[in-house]
Amino acid sequence: MVAPILVFDSGVGGLSVVQALRHRLPGVALAYACDNAMLPYGRREDAWLVQRIRSVCQAAVAASGCRALVVACNTASTLALDALRECLTIPVIGTVPAIKPAASVSRTRHIGLLATSATVSRPYTLRLIQDFAADCRVTRLAADALVGEAERLVVGEVPDRVAIGRALAPLWEASAVEVPPLDTVVLGCTHFPLLRRWLAEAAPREVAWVDSGEAIARRVAQVVTAPDRCQAAGPSYATALDERLGKGLAAFGFAPPRWLQPG
Ligand code: DGL
């Protein structure tokens, strides 16, 4: 059996990255791991989070026998990539907010960044803005409520349109009279692309929604040199077992999760 690429997130957000990987690399062998016992990551303390991400990823890498790890979580990647690369010997591919692609498409030079509380204020994120969008106005908005809505969607519930509208409202309010209208929104949390339809519905006008999925898939394609022809459901791992999560993962081509105990 070919060693899979392991996709890791706090919850179901990494499934948006799975979609991008399958689109670019059909048949690629994938495994999925989530730390749903500690979800959401977006409001947790940094030092605790680094330790936790390290121990969960080490356990998931060992359990899956993967050949590479995709950290499909902006909140984890903007904090813990160096720590993970120090303790793992396989390639580690991170997910960070798509500020650069957004700056390259924005015409009004006003971009929104929608992410977790942690990601919107991380030094890593501020550096990305400085390096790639210095000539843009960037309105950063913490939208942690959307994480829960995406989790609900994957387990078969209907996302709450009112909650989504409320979470996005400050973005539209940021386009005041003297400020150019925002025309591009970075989905800086992997949960958010799963809600794209609902986000578009909640927007008062058309904007470009930019996420990191395609860029990650391109990067992974450099690691996967020979094409896989994997037909079977990939293994999945979770730190809390939940039947509804199993059904959600099955819809994305994964076997029921096995319990993962962080080291
Ligand atoms: N999916 C994660 C991200 O990309 C965060 C969700 C959470 O707060 O746990 O940032």
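Residues numbered from 1 in each chain as written. Predicted model: local features only at pLDDT ≥ 70, side-chain atom pairs only at ≥ 80, totals over all residues. Heavy atoms only, no water.

Per an unreviewed UniProt entry, the protein goes by Glutamate racemase and derives from Halomonas saccharevitans. UniProt, in the comment section headed Pathway (unreviewed entry), describes the protein in these words: "Cell wall biogenesis; peptidoglycan biosynthesis." (UniProt positions renumbered as here; feature names shortened; annotations may be inferred.)

Undergrad: Is there a simple way to think about the packing of helix α1 (residues 14-24) against helix α10 (residues 213-223) in this case?
TA: A pair of packed helices is characterised by two quantities: the angle between their axes and the separation of those axes. Closest axis-to-axis distance for the α1/α10 pair is 8 Å, and the angle between their directions is 50 degrees. Compared by their axis directions, α1 and α10 come out oblique. Along this stretch, α1 crosses α10, giving a crossing that reads as right-handed. Of α10, the residues touching α1 (which contributes Val17, Ala20, Leu21 and Arg24) are Gly213, Glu214, Ile216, Ala217, Arg218, Val220 and Ala221. (Axes fitted to C-alpha atoms, helices over the stretch in contact; angles between N-to-C directions. Helix = DSSP H or I, 4+ residues; strand = E, 2+ residues; numbered from the N terminus. Parallel < 35°, antiparallel > 145°, perpendicular 65-115°, else oblique. Left-handed = near helix turned anticlockwise from the far one by under 90°. Contact = heavy atoms within 4.5 Å.)

Undergrad: What should I look at first to understand the side chain of His110 in this one?
TA: Structurally, His110 is set in strand β5 (residues 110-115). Polar contacts involving the side chain of His110 include one to the main-chain carbonyl oxygen of Pro180, which spans 2.7 Å. Once residues lying within four places of it in the same chain are set aside, the contact partners of His110 are Arg137, Thr139, Ala174, Ser175, Val179, Pro180, Pro181, Leu182, Asp183 and Thr184. (Polar contact = N/O pair within 3.5 Å; in protein donor to acceptor, adjacent residues only side chain to side chain.)

Undergrad: Got a minute to help me understand the site of the ligand in this structure?
TA: Ser10, Tyr41, Thr75, Thr190 and His191 are the nearest of the 14 residues found near the ligand. Here Thr190 contributes a backbone N or O atom positioned 2.8 Å from an oxygen atom of the ligand. Here the ligand loses 100% of its free accessible area of 300 Å² to cover by the protein chains. Of the residues contributing to the shell around the ligand, the split by class is six nonpolar, seven polar and one charged. (Near = heavy atom within 4 Å. Areas by Shrake-Rupley, 256 points an atom, 1.4 Å probe, with all protein chains shown as cover. Nonpolar A, V, L, I, M, F, W, Y, C, P; charged D, E, K, R; others polar.)

Undergrad: What is the right way to read the sheet that holds strand β4 (residues 92-93) from this model?
TA: In any sheet, the strands associate via hydrogen bonds between backbone groups, in a parallel or an antiparallel arrangement. Pairing in this open sheet of six strands is parallel, and the strands run β4-β3-β1-β2-β9-β10 from one edge to the other. Of all the strands in the sheet, the pair left with one neighbour each is β4 and β10 (258-259). Here five bridges tie strand β1 (residues 5-9) to strand β2 (residues 30-34), and the two strands are oriented parallel to one another. Residue pairing in the sheet places Phe8 in a bridge with Ala33 of β2. (Pairing = 2+ DSSP bridges.)

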